[in-house]
Amino acid sequence: MNTVHVNGIDLAYEDRGSGAPILCIHGFPLSHALWLPAAEALGDRFRFIMPDLRGMGQSGVTDEASMQLYAEDLAALLDHLKIDGPVTVLGLSMGGYVAFEFVRRFPQRVAKLVLVDTQAGADSDEKKQERATVAQKVLSEGVYVVADGMLPKLFAKSADKGLLDEWHAILSATEARGVAAALHAMAARPDSRESFGDIRVPTLIVVGEEDAITPPELSREMAEGIDGARLEIVPSAGHMVPVEAPAVFNQLLADFLG
Ligand code: MLT
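Think of each chain on its own: its residues are numbered from 1, step by step along the sequence as written. Local features in this predicted model are restricted to residues of pLDDT 70 or higher, and side-chain atom pairs are both shown and tallied only at a pLDDT of 80 or more, whereas totals for entire chains, interfaces and linings draw on every residue. Excluded from the side-chain calculations are hydrogens and water; all other atoms, namely the structure's heavy atoms, are used.

The way it works is that DSSP assigns letters per residue, a run of H or I at least four long becomes a helix, a run of E at least two long becomes a strand, and they are numbered from the N terminus. Along the protein chain, the regular secondary structure elements total 10 helices and eight strands. For 258 residues, the compact-globule estimate of 2.2 N^0.38 gives 18 Å, and the C-alpha radius of gyration of the protein chain, at 17 Å, lies within 12% of that figure. Across the 258 residues in the protein chain, those meeting the buried criterion constitute 55%. For the protein chain, restricting intrachain contacts to residue pairs at least 6 apart in sequence, the fraction spanning at least 24 positions comes to 78%. The accessible surface values rely on the Shrake-Rupley method and a 1.4 Å probe; as for residues, cover is taken only from the protein chains in view. Surface accessibility of the protein chain: about 10500 Å² in total, with carbon and sulfur atoms responsible for 48%. Charged-residue counts in this description rest on Lys and Arg as positive and Asp and Glu as negative, His and the chain ends being excluded. Lys charges are placed at NZ, Arg charges at CZ, Asp charges at CG and Glu charges at CD. If the 22 positive side-chain charges of the protein chain are averaged to one point and the 37 negative ones to another, these points end up 3 Å apart. Atoms counted for the radius of gyration: C-alpha only. Globule rule: 2.2 Å times the number of residues to the power 0.38. For each residue, the accessible area found with a 1.4 Å probe, counting protein chains only, is set against the maximum for its type, and the residue is called buried under 20%, exposed over 50%, and partly exposed in between. Pairs of residues are marked as contacts when any of their non-hydrogen atoms sit within 4.5 Å.

Next up, the structure:
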């Protein structure tokens, strides 16, 4: 992977393909590997810029994390790559929370928005408390707390066992400090429903029919709130549509981007 030093950390990223750039933002606590099937299939038409967010994958780990900081890291990455013009911003789950922040902070850098298996609302007080408890447990007991806890909810019931094993290994390889920092960052994120009116770019919303973490009704809420947004519900897929149903996802992405 490539690395660039931004905002006090080494940010790792893959840069594959050529054409209109897509800034691909993975979820929690995943890695750029989420986007590799899309980059493989569509790299002859689009440029896939796939960072590992701070504290995850191969990027540097700090206790500092917030949606603002994740978004600033990504803007610094685009600066490093000398991409000044607007790009497609594609985010899955927590990557969607970061995408909303990126649109708020850098609206002129966004050409199109793709929100996958995510939601716009903020955490309830109960959810914030739960994240704080999990963060503490991860730091004292290890990342297995999140890796084992999330795995059953990530995929549709019919998902291939090999896929579960592959992603369990990726989750388990994440540093506990990065996971804890991301949990606090998610708990502190603002309610992005208040920003719906400011989103003036073409928007595609994709969700797995069996998404148990951010179920389809949360995507319907975004589709109703964002002017002109298109909603696609993918059958037999859960919270990981790009790797569970890559052919369907890649087709939706290619059709939307034209
Ligand atoms: C994710 O998949 O990125 C997270 O599970 C989202 C969340 O916990 O809100």
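From this point, the discussion proceeds with the structure in view.
Any two strands with at least two DSSP bridges between them are considered paired. Strand order in the open sheet made by the eight strands is β1-β2-β4-β3-β5-β6-β7-β8, with mixed pairing throughout. For this open sheet the edge positions go to β1 (2-6) and β8 (230-234), each flanked by a neighbour on one side alone. Strand-to-strand twist of the sheet, defined as the mean angle between neighbouring strand axes without regard to direction, takes the value 25 degrees. Strand direction decides the pairing type here: strand β2 (residues 9-17) and strand β4 (residues 46-51), joined by five bridges, are antiparallel. To define axes, lines are fitted to C-alpha atoms, for helices over the stretch in contact only, and angles between the resulting N-to-C directions are given on a 0 to 180 degree scale.

The next thing to look at is the nonpolar core. Note on terminology: a nonpolar core comprises buried Ala, Val, Leu, Ile, Met, Phe, Trp, Tyr and Cys residues joined through side-chain atoms within 4.5 Å. Residues Phe48, Met94, Phe102 and Trp167 are the most contacted members of the largest nonpolar core, which totals 92 residues. A total of eight residues in this core trace back to one element, the largest contributor, which is helix α2 (residues 67-80). Ignoring any residue separated from it by four or fewer positions in sequence, one finds Phe48 in contact with Glu14, Asp15, Arg16, Ile22, Cys24, Ala38, Ala39, Leu42, Gly43 and Leu253.

Those residues of helix α8 (residues 216-225) that sit buried are Pro216, Ser219, Met222 and Ala223. Take α8 and look down its axis: the buried residues cluster within an arc of 115 degrees, on one side only. Across from the buried face of α8, at angles greater than 90 degrees, the exposed residues are Glu217 and Glu224. In this structure, the buried residues of α8 make contact with α3 (94-105), β6 (110-116), β7 (203-208) and β8. As used here, the arc belongs to the directions running from the helix axis to the C-beta atoms.

So, on to the layout of surface pockets. Note on definitions: the grid is 1 Å and covers protein atoms alone; a cavity is a set of points where a 1.4 Å probe fits but cannot get out; a pocket is an open set with protein on both sides within 12 Å along at least five of seven lines; lining residues have an atom within 4 Å of a point. Grid points are joined across faces, edges and corners, and a volume is the space filled by probe spheres set on the points. Size it by volume and the largest pocket reaches roughly 560 Å³. Contributing to the lining of the largest pocket are 27 residues, with Lys127, Glu130, Arg131, Lys153 and Ile213 lying nearest its centre. For the lining of the largest pocket, the secondary structure elements donating two or more residues are α3, α4 (125-141), α5 (144-154) and α7 (176-187). Counting residues per element, the lining of the largest pocket draws most heavily on α5, at six residues.

In what follows, salt bridge is the name for a side-chain nitrogen of Lys or Arg lying within 4 Å of a carboxyl oxygen of Asp or Glu. Taken as a whole and assessed by the stated rule, the structure comprises 15 salt bridges. Here Glu14 ties to Arg16 by a salt bridge, and the two come within 3.5 Å at their closest N and O atoms. With a closest N to O distance of 3.0 Å, Asp165 and Lys161 form a salt bridge. One end of the pair, Asp165, and the other, Lys161, are both in helix α6 (residues 161-172), four residues apart, so they sit about a helical turn from each other. Each of Glu72, Glu101, Arg104 and Arg105 takes part in salt bridges that share partners, so that together they form one network.

Further remarks concern the packing of α4 against α5. Close contact between α4 and α5 brings their axes to 8 Å; oriented N to C, the two are set at 125 degrees. Between α4 and α5, the angle is such that the two are oblique. In this structure, α4 uses Val134, Lys137, Val138 and Glu141 to contact α5, whose residues at the interface are Tyr144, Val145 and Val146. Here the term charged refers only to Asp, Glu, Lys and Arg, the term nonpolar to Ala, Val, Leu, Ile, Met, Phe, Trp, Tyr, Cys and Pro, and the term polar to all other amino acids, Gly among them. The residue inventory of the contact of α4 with α5, partitioned by class, reads five nonpolar, no polar and two charged. Any angle from 65 to 115 degrees is called roughly perpendicular, while one under 35 is roughly parallel, one over 145 is roughly antiparallel, and all others are oblique.

What follows concerns the packing of aromatic side chains. For any two aromatic rings, the description comes down to two numbers: the centre-to-centre distance and the angle of the planes. Stacked, tilted and edge-to-face pairs are distinguished by plane angle, under 30 degrees for stacked and over 60 for edge-to-face with tilted covering the rest, among Phe, Tyr and Trp rings (Trp via its six-membered ring) whose centres lie within 6.5 Å. Taken as a whole and judged by the stated rule, the model has three aromatic pairs. A centroid spacing of 6.5 Å and a plane angle of 50 degrees characterise the contact between Phe100 and Phe196, whose relative ring orientation is tilted. Here Phe100, found in helix α3, pairs with Phe196, found in the loop between α7 and β7; they are 96 residues apart in sequence, far enough to count as distant. Accessibility assignment for this pair places Phe100 and Phe196 in one class, buried.

Read these as geometric descriptors, not functional statements.
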